[in-house]
Amino acid sequence: MSQAKAVQAETAGLDAFSLQQRMELQFEIEQFFYAEAAMIDGRDYRTWLDLWTEDCSYWMPIRRTVTLSDIDREFTKRGDMSFYDDTRAALAMRIAKMESGSSWSEDPPSRTRHIVSNVRIMEVAGEEIGTEVAFLLYRSRLNTEESMWAGRRVDRLRRVDGALKLCGREIYLDQTLIRATNMSTLF
Amino acid sequence: MDLVQEPGSVPDKSEIRSCFDSQSGTLDRRVFADQALYDLEMKNIYARAWNFMCHESHIPNPGDYFINYIGEDQVIVVRDRQGEVQVLLNTCRHRGNALCRAEQGNAKSFVCSYHGWNYDLNGDLIGVPGLSSYYRKDFDKSQWGLAKAAQVDHFHGFYFATLDPAAPPLHDYLGEVGRIGLGLLVANGPVEAVDGVQKNVIDCNWKIAVDNLFDWYHVQYSHASAGMAGFMDLAAILHPNDQMVMFGEYGHAISGPVIPEERQAEIDAMTDEERLAVVAEGMLKNPDKPVAPPRPSAARDLLGPTGVRCMGHPNIFPNLWVSTNGTQLSLRLPRGPFATEIWWFTFLPKGLPEEIRKKQIAFNAHLFGPAGMLEQDDGENWSQSTRTSRGVVSRGYRHHLAMGLGHDEVMTDDAGAARVETTISEHAQRWLYRNWMDWMTADDWADLKANRSPVPQGRV
């Protein structure tokens, strides 16, 4: 068994896939994430919103500096406070805000660059695919404000009528205190 | 007059007294952009005031700790073995290293990571490596315990601390208006903290953030996009002509909408079951709307006849905002003249039905915090208002805070709380900056008590 195959075999639900099929799926998902990132960075928010299923969930817990002995409390849990706890309607609301002409935090608009990497397929279950990626989001605002957010994204994709859609996103930042005036951007 | 001085110099009292002019309602922008004034704020305001630490539910068990700040002094708020809450300066007495480097957690004792000095939960120094061999027993541990807050007390489970032994008791410090302000948090019954404190840094002076909480004028414009996006009906929350400002001791104030007397009379006639049904129906029909009054009948005893009608924003001087309808607290922690950490705490009544609890938490997450539909835009405005104060010519132009000045009559209820009931105004901002000058020019607590501005009477 090759090294690649040994690593991939740990992914749930991929046992029946040939290496070729796995590579094709990996390619398809990577291209999906690159295109998605380009939509946000290109401010094409409406097209981006169309990538999301009606029942989707978009969530960013709060991270805290804790000791190793308290590490299970590093992130807040579902039902606790968070930075984002959005349905599709809430995502649509954020976009409507940005388009309103009165959204001072995004007008003049920020400049963002989403770097998506370390794409891993964690699970294939019927029409849904569980993935994890590492991201780096750079934002520049006005002339001097700069923010950099790195983190892990746990994204859930669903094949709907043959096309990939996003049905879940959990964003685990590598910052605790958010060193930015706001988070008016999409992750 | 020039308040830009050599580091370490103390601004002259008469210069500080000129920063806010009560006659014209104008404010010198240097209060937002001067290092010497900032340094004096740390000494004369933060090191003297009662500062919010955390809620009892943040640290329920012995050894539970929560890190907070008094000005820029970091403190450990910890429940000791006897169940008492201790507030200890987070700095080892040996070489000053921080003992706790996590934001919260549980500890058996506090061991310094530098040389291993070990402190008990009550701050006593209990272990010094090498006490016999290196110190040759020539060291008295009892003299080198952690520095402690001079006074620690709580109000309905909300813990506060002051570093000044001369500060009045917390109850007196809060006064009627401060007690109403904090009382809003428990007006629907005893609360517990929802896990998670949102924290971010805004490049603004802390006072810009504080005076904004009184400001119901900015809502319709700063937050217009939240209304246009369908997040909330701004007109429905604003009540521009049913506004109340309460003037409290030492600079506490409440500003914002008030329930009209006629409406309160209707609420008073309802049973608690009827009131709860109105709240629940409102929440469940409008998933992104906050829990609104009617408050339960017990709230009248807690808040008094005026406080029970209060829908506005209290600030516990200097920097603790009790946010709309008392489900959140926001601390504005100074980080130099040009930066402020914003912390958001969320509290909900114990035993709230799960569906309502979920909706209130989701609403709070969407409202404030750095990604909040409202606060995104606040940060933008506050940082620019602070930034422009750095321009040597721009800062020569005073801020205008004269809205409503001289147009309202102060009323006082039986409990002694002074208030105006009026339209949107800047009365509370003016009260804040008058009191800021009192604190900044007082030599000590005795001086502040004797010479502070009296709570307004008559025309304001």
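Residues numbered from 1 in each chain as written. Chains lettered and ligands numbered in written order. Predicted model: local features only at pLDDT ≥ 70, side-chain atom pairs only at ≥ 80, totals over all residues.

1. Examining the overall build of chain A
Part 1 of the argument: In terms of helices and strands, chain A carries four helices and six strands.
Part 2 of the argument: The linear arrangement of helices and strands in chain A, starting from the amino end, is α-α-α-β-β-α-β-β-β-β.
Part 3 of the argument: On C-alpha atoms alone, chain A measures out to a radius of gyration of 18 Å, which is about the 16 Å that the 2.2 N^0.38 rule sets for 187 residues.
Part 4 of the argument: Expressed along its principal axes, the backbone C-alpha trace of chain A runs to roughly 55 × 45 × 30 Å.
Part 5 of the argument: Within chain A, counting contacts between residues at least 6 apart in sequence, those at least 24 apart form 56% of the total. (Helix = DSSP H or I, 4+ residues; strand = E, 2+ residues; numbered from the N terminus. Rg over C-alpha atoms; globule rule 2.2 N^0.38 Å. Contact = placed C-beta atoms within 7 Å.)

2. Observations regarding the sheet that holds strand E8 (residues 110–111) of chain B
Residues and elements named next belong to chain B.
Part 1 of the argument: Taken in spatial order, the three strands of this open sheet run E8-E9-E10, and their pairing is antiparallel. Every interior strand has two partners, whereas the edge strands, E8 and strand E10 (125–127), have only one.
Part 2 of the argument: Where strand E9 (residues 118–119) lies against E10, two bridges are found, and the strand directions are antiparallel. Residue pairing across strands places Tyr 119 opposite Leu 125, the latter belonging to E10. (Pairing = 2+ DSSP bridges.)

3. Quick notes on the pairing of strand E19 (residues 340–349) of chain B
Residue and element names in this part refer to chain B.
Part 1 of the argument: Most of E19 is tucked away, with nine of its 10 residues classed as buried.
Part 2 of the argument: Looking at chain direction, strand E13 (residues 191–202) and E19 are connected through nine bridges and run antiparallel. Note on E19: the bridge partner recorded for Ile 202 is Thr 340.
Part 3 of the argument: Taken together, the seven bridges between strand E18 (residues 328–334) and E19 define a ladder with antiparallel strand orientation. Paired with Pro 334 across the bridge in E19 is Thr 340. (Buried ≥ 20, exposed ≤ 12 C-beta atoms within 10 Å, placed from the backbone.)

4. Describing the sheet that holds strand E6 (residues 163–173) of chain A
All names here are of chain A.
Part 1 of the argument: On the basis of which strands lie adjacent, the open sheet formed by six strands has the order E2-E1-E6-E5-E4-E3 and mixed pairing. At either end of the open sheet lies a strand with only one pairing partner, and these are strand E2 (82–86) and strand E3 (111–125). Within the sheet, the average angular offset between the axes of one strand and its neighbour, ignoring direction, is 20°.
Part 2 of the argument: Where strand E1 (residues 52–61) and E2 come together, four bridges link them in antiparallel fashion. Note that in E2 the partner of Tyr 58 across the bridge is Asp 86.
Part 3 of the argument: In the packing of helix H2 (residues 19–41) onto the sheet, contacts are made with E3, strand E4 (128–141), strand E5 (145–160) and E6, and the angle to E3 comes to roughly 150°. (Axes fitted to C-alpha atoms, helices over the stretch in contact; angles between N-to-C directions.)

5. Quick word on unusual backbone geometry
Part 1 of the argument: Residue Pro108(A) follows Asp107(A) across a cis peptide bond; omega there is 10°.
Part 2 of the argument: Cis peptide bonds are those with omega within 30 degrees of zero, and the linkage from Phe317(B) to Pro318(B) qualifies with 5°.
Part 3 of the argument: Counting through the fold element by element, Pro318(B) comes out in the loop between strand E16 (313–316) and strand E17 (320–322).
Part 4 of the argument: We note that Leu142(A) has phi near 50°; this positive angle belongs to a residue other than glycine.
Part 5 of the argument: Structurally, Leu142(A) is set in the loop between E4 and E5.
Part 6 of the argument: Under the C-beta neighbour-count criterion, Leu142(A) is labelled exposed, with 12 such atoms within 10 Å.
Part 7 of the argument: A positive phi angle is found at Lys137(B), which is not glycine, with a value near 60°.

6. Remarks on the interface of chain A and chain B
Part 1 of the argument: Counting residues at the interface gives 32 residues for chain A, matched by 41 residues for chain B.
Part 2 of the argument: At the level of elements, E2 and helix H4 (88–99) of chain A are the ones that each hand at least two residues to the side of chain A that touches chain B.
Part 3 of the argument: The residue inventory of the side of chain A that touches chain B, partitioned by class, reads 13 nonpolar, 13 polar and six charged. (Nonpolar A, V, L, I, M, F, W, Y, C, P; charged D, E, K, R; others polar.)

7. A look at the confidence of the model for chain B
Residues and elements named next belong to chain B.
Part 1 of the argument: Overall, the prediction assigns chain B a mean pLDDT of 94, with 96% of residues at 70 or greater.
Part 2 of the argument: Predicted confidence is poor over residues 1–5, with pLDDT under 50, and the contacts of this stretch with residues over four places away or in other chains come to 11 contacts.
Part 3 of the argument: Taken over the whole predicted complex, pTM reads 0.95, whereas the ipTM for its chain interfaces reads 0.94. (pLDDT = per-residue confidence, 0-100.)

8. A few points about helix H10 (residues 298–307) of chain B
All names here are of chain B.
Part 1 of the argument: Buried within H10 are the following residues: Ala 299, Leu 303, Gly 304, Thr 306 and Gly 307. Projected onto a plane normal to the axis of H10, the buried residues spread over an arc of 160° and lie on a single side.
Part 2 of the argument: Buried residues along H10 sit against helix H3 (170–183) and strand E22 (418–422). (Arc of directions from axis to C-beta.)

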